[in-house]
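Listed below are the residues making up each chain.
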Amino acid sequence: MIRLTVNGQAHELDVPSYRTLLDCLRYDLGLTGSKEGCGVGVCGACTVLLDGKMISSCIALAVFADGREVTTVEGLAEDERLHPVQQAFMDAGGFQCGICTPGQVVAAKALLDAIPHPSEAEIKEWMLGNLCRCTGYYKIVESIQAAAGQARA
Amino acid sequence: MIAFDYRAPRSLDETLAILQEYGDEARVIAGGTALVTMMRQRLAQPACVVSVRGVAGLGRIEATNGSIRIGALVTHREAECSPLIQERLPVLAETFRRVGTIRIRHMATVGGALAHADPNQDPPVTLMALDAGVEVQRAGGGRELPVAEFFRDYYESALEPGELVTAVTVPLLPAATGASYVKFLPRTADDYATVAVAATVTLEPDGEHCREARIALGSVATTPLRERAAEALLSGARLGERLLKAAGSAAKTAVDPLDDHRGSAAYKREMTAVMVERALTQAWAEARRAARASG
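Residues numbered from 1 in each chain as written. Chains lettered and ligands numbered in written order. Predicted model: local features only at pLDDT ≥ 70, side-chain atom pairs only at ≥ 80, totals over all residues. Heavy atoms only, no water.

K.L.:
Would you explain empty space enclosed by the protein in this entry?
P.N.:
If a probe the size of a water molecule is rolled over the atoms, the empty space left behind becomes visible. Residues and elements named next belong to chain B. Taken as a whole and judged by the stated rule, the model has one cavity of 30 Å³ or more. Here the largest cavity is characterised by a volume of approximately 30 Å³. I2, A3, F4, M39, A44, Q45 and P46 together form the lining of the largest cavity. Taken together, the residues of the lining of the largest cavity break down into six nonpolar, one polar and no charged. (1 Å grid on protein atoms, 1.4 Å probe; cavity = no way out; pocket = protein on both sides within 12 Å on 5 of 7 lines; lining within 4 Å. Points joined across faces, edges and corners; volume = space filled by probe spheres on them. Nonpolar A, V, L, I, M, F, W, Y, C, P; charged D, E, K, R; others polar.)

K.L.:
I keep staring at the layout of surface pockets and nothing clicks. Help me out?
P.N.:
Here the second largest pocket defines a volume of roughly 660 Å³. Lining of the second largest pocket is provided by 25 residues; of these, A:F64, A:R68, B:A30, B:R53 and B:G54 occupy positions nearest its centre. Secondary-structure elements contributing two or more residues to the lining of the second largest pocket are β4 (53-56) of chain A together with α6 (102-107) of chain B. Here the residues of the lining of the second largest pocket are counted per class, giving eleven nonpolar, seven polar and seven charged. (Helix = DSSP H or I, 4+ residues; strand = E, 2+ residues; numbered from the N terminus.)

K.L.:
Quick question: what am I supposed to make of helix α10 (residues 241-252) of chain B here?
P.N.:
For an α-helix, the turn length of 3.6 residues means that residues three or four places apart are oriented alike. Residue and element names in this part refer to chain B. Along its twelve residues, α10 runs 17 Å from first to last C-alpha, staying within 8% of the 16 Å computed at 1.5 Å per residue. Turning to α10, its buried residues are L243, L244, A247, G248, A250 and A251. For α10, the buried positions fall inside an angular range of 160° around the axis, keeping them on one side. Pointing more than 90 degrees away from the buried face of α10 are the exposed residues E241 and R242. (Expected span 1.5 Å × (residues − 1). Buried < 20%, exposed > 50% of the residue type's maximum accessible area, 1.4 Å probe, protein only. Arc of directions from axis to C-beta.)

K.L.:
Would you take a moment to explain the packing of helix α2 (residues 84-92) of chain A against helix α3 (residues 101-114) of chain A for this structure?
P.N.:
Residue and element names in this part refer to chain A. Closest axis-to-axis distance for the α2/α3 pair is 9 Å, and the angle between their directions is 125°. Taken as axis vectors, α2 and α3 run oblique relative to one another. Once α2 is placed against α3, the crossing between them reads as right-handed. Along its contact with α2, which presents V85, Q86 and F89, the element α3 presents T101, Q104, V105, A108, K109 and L112. Among the residues making up the contact of α2 with α3, the classes are represented as five nonpolar, three polar and one charged. (Axes fitted to C-alpha atoms, helices over the stretch in contact; angles between N-to-C directions. Parallel < 35°, antiparallel > 145°, perpendicular 65-115°, else oblique. Left-handed = near helix turned anticlockwise from the far one by under 90°. Contact = heavy atoms within 4.5 Å.)

K.L.:
Honestly, the pairing of strand β10 (residues 164-171) of chain B in this entry has me stumped. Any pointers?
P.N.:
Side-chain positions along a regular strand alternate between the two faces of the sheet. Residues and elements named next belong to chain B. Most of β10 sits inside the fold, with seven of its eight residues counted as buried. Where strand β5 (residues 67-71) lies against β10, five bridges are found, and the strand directions are antiparallel. What sits directly across from I70, in β10, is V168. Summarising the sheet, strand β6 (residues 133-138) and β10 pair through five bridges and their orientation is antiparallel. Within the sheet, the bridge partner assigned to G133 lies in β10 and is T169. (Pairing = 2+ DSSP bridges.)

K.L.:
Where do I start with the sheet that holds strand β7 (residues 141-146) of chain B in this structure?
P.N.:
Backbone-to-backbone hydrogen bonds pair the strands of a sheet. The strands run either parallel or antiparallel. Residue and element names in this part refer to chain B. Sheet architecture is open: five strands sit in the order β4-β5-β10-β6-β7, paired in antiparallel fashion. Of all the strands in the sheet, the pair left with one neighbour each is β4 (61-64) and β7. Averaged over neighbouring strand pairs, the angle between their axes works out to 25° when direction is ignored. Along the sheet face, helix α1 (residues 12-22) touches β6 and β10 and points at about 120° away from the line of β10.

K.L.:
When you look at the interface of chain A and chain B in this model, what are you seeing that I'm missing?
P.N.:
It is common to give the size of an interface as the accessible area lost on bringing the parts into contact. If you look at the interface, chain A gives 28 residues, while chain B gives 28 residues. For the pair chain A and chain B, the summed buried area comes to about 2,300 Å², and 63% of that belongs to carbon and sulfur atoms. Of all residues in chain A, A:Y18, A:I59 and A:F64 give up the largest surface area on contact with chain B, accounting jointly for 26% of the area buried on that side. Along the contact surface separating chain A from chain B lie three salt bridges. Among the ionic pairs, A:E125 bridges to B:R105, the shortest N-O distance being 3.6 Å. (Buried area = accessible area lost by both parts, 1.4 Å probe. Salt bridge = Lys/Arg side-chain N within 4 Å of Asp/Glu carboxyl O.)

K.L.:
How should unusual backbone geometry be read in this particular structure?
P.N.:
Note: most residues except glycine have negative phi, and most peptide bonds are trans. Residue and element names in this part refer to chain B. Here N65, not a glycine, exhibits a phi torsion of approximately 50°, which is positive. Relative to the helices and strands, N65 resides in the loop between β4 and β5. According to the relative accessible area criterion, N65 is exposed, its value standing at 80%. In this structure, A117 is a non-glycine residue whose phi angle is positive, near 55°. Along the chain, the position of A117 falls in the loop between α7 (110-116) and α8 (123-129).

Remember that the coordinates give geometry; whether it matters functionally is a separate question.
Written out as structure tokens, the structure is:
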């Protein structure tokens, strides 16, 4: 039995030891925003925050989240209002097919939490592990810069 | 993944008792980046996984007596961002920064990276050049061994069943010493190196001769390597570009790389010479700066 808080909501779950955190989120809790891409921690599609720090949920065990707080893409919007990063990705065209977007958005939120006004180099270093195979990265960087501006206002 | 017993002890004693009980049936998990990936690929199928994540006292970074002691549970990101490590051993903070991505560095631990014994990792190379020691505990005792004697083969360390890495102790650099870590990455910035080299150079008081140099290599053999033949060329010699090139050439005869998508074995051998020369050039420059700074 593990107790974890996901996007502010407390859960008690009976999970097998070999359950990954990603599978727990997707199949036990129905939060299918986080995606499985590579399954080995490289691509970033499964990025979630564990106690505010971004991790790869595909190579984390669900039991790691016992007693801790998980934030997924579903937890970013407040009521109907999108998180500034989400809005910026829409406004600036920071995605095409969308499969990497939940991970991109969660990673970008973590970046702006840590560094509210990042330089372009800081954005690139932080986002290095979130792969996109459609757009290239210019629009993603622009989206994050726009979100940082929005957060400033 | 295959099912396994999961144990999550809270104390070191309890952990060591469980490891003793399970022997080689148990694998320790900390950050999970190595073990979960290997379990997912069925490369590891332990009967018991012992999580040390909740074990108190293994997560500290402290200055002790001319060294920095880094607890096994310190994450790569914590090591990279530690003001103590950044100030006293910037080459080590920089080395941790070169590992994978921030996401992985939030998970992967210093002790886990040693126990995993993957010759492609960055920190063991620099730790070897800095002559760090690995603290190992088992039920009823402990030992410390130099990082240079810790690795035995691919994914194989000197750890015996029942043993746990609890910390790594890294000596500070002596006076008039510079250190460097260089990593050749022809593909992506988060990749393993094609060739990685860490080096230290200590100058004699005359500022021109080398008192001691240490060279460690990553990604070019079944373990990280200490390259003592190249070091011996430098020891006591007057430093100069030609000598550093000769040290690079010596190092390439010591390596035994594999052909893979990061380069052919022949290419990696050539790049070993280039990267050793670059690492030494950088460490030498740092050593001169350190010597000048201390007057």
